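Architecture and fold: a report
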Amino acid sequence: MRIDLHTHSDRSDGTTPPRELVRHARERGIDVLALTDHDTTAGWAEAVEAAVHEGVTLVRGLEISCVLEGHGVHLAGYLPDPTYPPLVEELGRILDGRNRRLPATLERLRGLGIDIEEEDVRRVAGDAAALGRPHVADALVEKGVVGHRGEAFDTLLGSRGPAYVHRYAAPLEEMVRIVAAAGGVSVIAHPWAKRHDFAALDEERFAALKDIGLAGIEVDHQDHDRATRERLREIARDVGLVVTGSSDYHGDGKIDHDLGCNVTEPEEYSRLLDLAAAASEASGRDTPEVVVP
Ligand code: AMP
Ligand code: FE
Ligand code: FE
Ligand code: ZN
């Protein structure tokens, strides 16, 4: 059984519509797929329909922009009630922050002599509910300023780049509590991506996060080297957190993240679902089921 618990569609910064993503998953031999767009559940309905049609098991999720001690942390939330008011409110705040950042980013680019209009970005972003730097990157590619998304991040949009603008993200601990109260489970996505050893997210912190409802750690991810994975796996075992593995697929938007390039072990998936069932029960919320065709 091949289980991929972290993928993006064009409702955020992936390049494939949810329907195509699900079809692609079936063609790639993925049995269980989670759709986890950044900060939005806008792709859920289309993905559910496609999952039934294609015969792929679908877990409805999202990847929430959070912050811990000034550092960005991505929290994957699975199977929460998307109408839970505190969740709706925080996601609204994050999406507002994304919308407000866009003109500020374009202003920075203008200061660098690069003229991109907001409508250029919105056009290339198409159906995206969560606008991000990848869409600005796509507009830069279209204008011929850079060759691909990665180059845009390396030269302009990256966190130390000249066109970087800060945006709002949700406090991590608060979001772990919100996802639990919405009847879902949360997993820290790629916690040590490119940082190898992230001091703010050490074993003690993972244990404290587990105490307030964190379910797991995404250990197997392309941005974790072998030593990082070994250390995170050890922490997950010591603390009692579920270990997940996923592709973080973004279509053509990210190279080396093909569907199924990392997968979650069936026993870990089953533990995650047990925790989700318990969270749903405890919350009293109307949570989405896993779609089993
Ligand atoms: P944002 O959410 O707007 O702050 O943009 C961050 C997103 O950009 C992340 O979700 C990544 O998927 C994407 N990203 C970051 N670095 C790169 C890169 N070098 N190439 C392509 N996409 C990237
Ligand atoms: Fe992304
Ligand atoms: Fe992420
Ligand atoms: Zn992601």
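Read on for a plain summary of the structure. Since this is a predicted model, take the numbers as computed values, not measurements. Residue positions are given per chain, counting from 1 as you read along its sequence in written order. Going through the entries in the order they are written, you letter the chains from A and number the ligands from 1. In keeping with the model being predicted, local features are shown solely for residues with a pLDDT of at least 70 and side-chain atom pairs are shown and tallied solely at 80 or more, while totals for entire chains, interfaces and linings include all residues. The side-chain values count all of the structure's non-hydrogen atoms but skip hydrogen atoms and water molecules.

**Side note on the site of ligand 1**
Threshold: Near residues are defined by distance, with any heavy atom within 4 Å of the molecule or strand qualifying the residue. Polar contacts here mean pairs of N or O atoms no more than 3.5 Å apart (in protein, one a potential hydrogen donor and the other a potential acceptor; neighbouring residues in sequence count only if both atoms are side-chain atoms). Only the protein chains shown count as covering a residue, and every accessible area follows the Shrake-Rupley method with a 1.4 Å probe. Helix numbering and strand numbering both begin at the N terminus, where a helix is a DSSP run of H or I of at least 4 residues and a strand a DSSP run of E of at least 2. Each residue is assigned to one class: nonpolar for Ala, Val, Leu, Ile, Met, Phe, Trp, Tyr, Cys and Pro, charged for Asp, Glu, Lys and Arg, and polar for all the others, Gly among them.
Taken together, 14 residues surround ligand 1, and among them His38, Arg101, Arg133, Arg167 and His250 come closest. Taking arginine 167, its side chain carries an N or O atom lying 2.9 Å from an oxygen atom of ligand 1. In the complex, 83% of the free accessible area of ligand 1, which totals 500 Å², lies under the protein chains. Secondary structure elements with two or more residues in the shell around ligand 1: helix H3 (85-111), helix H5 (133-142) and helix H6 (149-157). Ranked by the residues each element gives to the shell around ligand 1, the list is headed by H6, at three residues. Its residues assigned to classes, the shell around ligand 1 shows two nonpolar, five polar and seven charged.

**Description of the pairing of strand E3 (residues 57-68)**
Heads up, the rule is: Note on classification: 1.4 Å probe, protein chains only; a residue is buried when its accessible area is under 20% of the maximum for its type, exposed when over 50%, partly exposed between these limits. Two strands are said to pair when DSSP picks up at least two bridges between them.
With 11 of 12 residues buried, E3 lies mostly within the body of the structure. As paired strands, strand E2 (residues 32-38) and E3 are joined by seven bridges and run parallel to one another. Considered in E3, the bridge of leucine 33 is made with leucine 58. Bridging between E3 and strand E4 (residues 71-78) involves eight bridges; their strand directions are antiparallel. Directly across from serine 65, in E4, lies its bridge partner histidine 74. Between the end of E3 and the start of E4, which pair antiparallel, lie two residues, with glutamate 69 showing a positive phi angle near 50 degrees. The pairing of E3 with strand E5 (residues 170-171) spans two bridges and is parallel.

**A few points about helix H1 (residues 18-27)**
Note the cut-off: Relevant arc is that of directions from the helix axis to the C-beta atoms, nothing else. Contacts were defined at the residue level, with two residues in contact if any of their heavy atoms lie within 4.5 Å.
Among all positions of H1, only Pro18, Leu21, Val22 and Ala25 are buried. Down the axis, H1 shows its buried residues gathered within 95 degrees of arc, on one side only. On the buried face of H1, the contacting elements are E2 and helix H2 (44-54). In the stretch just after H1, glycine 29 is the one whose phi turns positive, near 75 degrees.

**Topic: the pairing of strand E6 (residues 185-189)**
The criterion, for reference: By definition, the crossover connecting two strands over a helix is right-handed if that path, from the first strand to the second, turns clockwise as seen with the strands pointing away from the viewer.
Counted residue by residue, E6 has five buried out of five residues, so it is predominantly covered. Of the two faces of E6, both are covered, the one formed by Val185, Val187 and Ala189 as well as the one formed by Ser186 and Ile188. Sheet topology places E4 next to E6; five bridges connect them, and they run antiparallel. Its bridge partner being in E6, alanine 76 is matched across the sheet by valine 187. As judged from the three bridges shared by E6 and strand E7 (residues 214-220), these two strands associate in the parallel manner. Paired with isoleucine 188 across the bridge in E7 is isoleucine 217. On the question of chirality, the crossover connecting E6 to the parallel E7 by way of helix H8 (residues 203-211) is right-handed.

**Some points on H6**
In an α-helix there are 3.6 residues to a turn, and that puts residues three or four apart on one side. Among all positions in H6, only Arg149, Ala152, Leu156 and Leu157 are buried. Projected down its long axis, H6 carries its buried residues within an arc of 65 degrees, all on one side. On its buried side, H6 packs onto H3 and H5.

**A closer look at the coordination of the iron ion (ligand 3)**
Basically, it comes down to this: As a rule, N, O and S atoms within 2.8 Å of a metal are its donors, except that Na, K and Ca use 3.2 Å; water is not among the atoms, so sites may look incomplete.
The iron ion (ligand 3) binds to the protein through Glu63 (OE), His74 (ND1) and His190 (NE2), with metal-donor distances spanning 2.0 to 2.2 Å. Read from N- to C-terminus, the donor residues coordinating the iron ion (ligand 3) fall into the pattern E-x10-H-x115-H.

**Structural notes on the nonpolar core**
It is characteristic of soluble globular proteins that their nonpolar side chains tend to be buried jointly. Under the convention used in this document: Here the nonpolar core consists of buried residues drawn from Ala, Val, Leu, Ile, Met, Phe, Trp, Tyr and Cys, with membership extended through side-chain atoms lying within 4.5 Å.
Core analysis: the largest hydrophobic core is formed by 33 residues, its most contacted members being Ile64, Leu75, Leu172, Met175, Ile188, Leu201 and Phe206. The element contributing the most residues to this core is helix H7 (residues 172-181), with five residues. Counting residues in hydrophobic clusters, the runner-up holds 18 residues, among them Leu106, Val121, Ala125 and Leu140.

**Focus on the packing of H1 against H2**
Under the convention used in this document: As a rule, the C-alpha atoms of each element are fitted with a line to give its axis, helices using only the stretch in contact, and angles between N-to-C directions run from 0 to 180 degrees. Roughly parallel means an angle under 35 degrees; roughly antiparallel, over 145; roughly perpendicular, 65 to 115; everything else is oblique. Left-handed is the label given to a crossing in which the near helix is rotated counterclockwise from the far helix by less than a right angle, and right-handed is the label when the rotation is clockwise.
Taken N-terminus to C-terminus, the directions of H1 and H2 make an angle of 30 degrees; their axes are 8 Å apart at the nearest point. Considering their axes alone, H1 and H2 lie roughly parallel with respect to each other. The interaxial crossing formed by H1 with H2 has right-handed handedness. Here Pro18, Arg19, Val22, Arg23 and Arg26 of H1 lie close against H2, whose contacting residues are Glu46, Ala47, Glu49, Ala50, Ala51 and Glu54. Of the residues contributing to the contact of H1 with H2, the split by class is five nonpolar, no polar and six charged.

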